[in-house]
Amino acid sequence: MRARLTLALTIATSLSLASLSGWCASTPQDCAGERQRLSEAMKEARLAGDNVRLTRLEGELTALNEACRGLVPVQQNHAAIEAATREVSRHEAALRQALGRNDTAGIELNQRRLDHARRQLDALRGR
């Protein structure tokens, strides 16, 4: 069930982003109007407690901002690399905490997790 919801959300986001692909040639006034529309829709979703719709709208706003500024991701998997980088940082912090507590079991566990996260990050970067 969760996989279906994730798939549906991914498809909806992809379709929304595809519909924004024409915004590269848009004028700043068009971008401002669309930002306003998205902002109002986000307020409504937030008030209704509709987190799925809110997430989709945030994705649309991010894509709109990039399109209006003419930004293009440097890498195809930029978002995955950013997520992996955050994961590495999280595991580094957990390892530092275990070192501070002098917890040998925690140190070993967090070292393994950190090594795994770093290997995943390197694989995403193509190293």
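One way to say it: the disulfide is the covalent bond shared by the sulfur atoms of two cysteines. Enumeration according to the criterion identifies one disulfide in this entry. Across a sulfur-sulfur distance of 1.9 Å, Cys31 and Cys68 are joined as a disulfide pair. Since a negative S-S torsion denotes a left-handed disulfide, the Cys31-Cys68 link at about -100 degrees is left-handed. One end of the pair, Cys31, is in helix H2 (residues 28-48); the other, Cys68, is in helix H3 (residues 51-69), with 37 residues separating them in the sequence. For Cys31, a relative accessible area of 2% translates into the label buried.

Attention now moves to helix H5 (residues 104-125). In this model, H5 (22 residues) spans 31 Å end to end at C-alpha, consistent with the 32 Å of a helix rising 1.5 Å per residue. Within H5, the full set of buried residues consists of Gly106, Ile107, Asn110, Leu114, Ala117 and Leu121. Mapping the buried residues of H5 onto a view down its axis gives an arc of 100 degrees, with all of them on the same face. Facing away from the buried side of H5, by more than 90 degrees, are the exposed residues Thr104, Ala105, Arg112, Arg119 and Ala123. For H5, the secondary structure elements touched by its buried residues are helix H4 (78-101). After H5 finishes, the residue Gly126 shows a positive phi value of roughly 85 degrees.

Moving on to the confidence of the model for the chain. Averaged over every residue, the pLDDT of the chain is 80; the share at 70 or more is 73%. Taken element by element, the predicted model of the chain shows its lowest mean pLDDT in helix H1 (residues 2-19) (51) and its highest in H5 (95). Confidence over residues 17-26 falls short of pLDDT 50; this stretch has 14 contacts with residues more than four positions distant or in other chains.

Below, the discussion takes up the pattern of salt bridges. Per the counting criterion, the structure on display carries six salt bridges. The salt bridge partner of Arg56 is Glu60, with a shortest N-O separation of 2.4 Å. Placement of the pair is Arg56 and Glu60 together in helix H3, with a separation of four residues, close to one helical turn. A salt bridge links Glu92 to Arg118, with the nearest nitrogen and oxygen atoms 2.9 Å apart. Here Arg118 lies in helix H5 and Glu92 lies in helix H4, a separation of 26 residues in the sequence. Overall, Glu92 belongs to the partly exposed group, its relative accessible area being 25%.

The rules behind these values
Throughout, a residue's number is its position along its own chain's written sequence, starting from 1. Totals for whole chains, interfaces and linings use every residue, but because this is a predicted model, local features are given only for residues with pLDDT of at least 70 and side-chain atom pairs only at 80 or more, for both listing and counting. As a rule here, side-chain values come from all non-hydrogen atoms in the structure, and water together with hydrogens is ignored. The criterion for a disulfide is a pair of cysteine sulfur atoms lying within 2.5 Å. Runs of E in the DSSP output that reach at least two residues are strands. Runs of H or I that reach at least four are helices, and both are numbered from the N terminus. The buried label goes to any residue with under 20% of its type's maximum accessible area, the exposed label to any with over 50%, and the partly exposed label to all in between, with areas taken from a 1.4 Å probe on protein chains only. By this rule the span expected of a helix is its residue count minus one, scaled by 1.5 Å. Here, the arc refers to the directions that run from the helix axis to the C-beta atoms. By definition in these notes, contact holds between two residues if any of their heavy atoms fall within 4.5 Å. What pLDDT expresses is the predictor's confidence in each residue, scored from 0 to 100. Salt bridge, as used here: a side-chain nitrogen of Lys or Arg that lies within 4 Å of a carboxyl oxygen of Asp or Glu.

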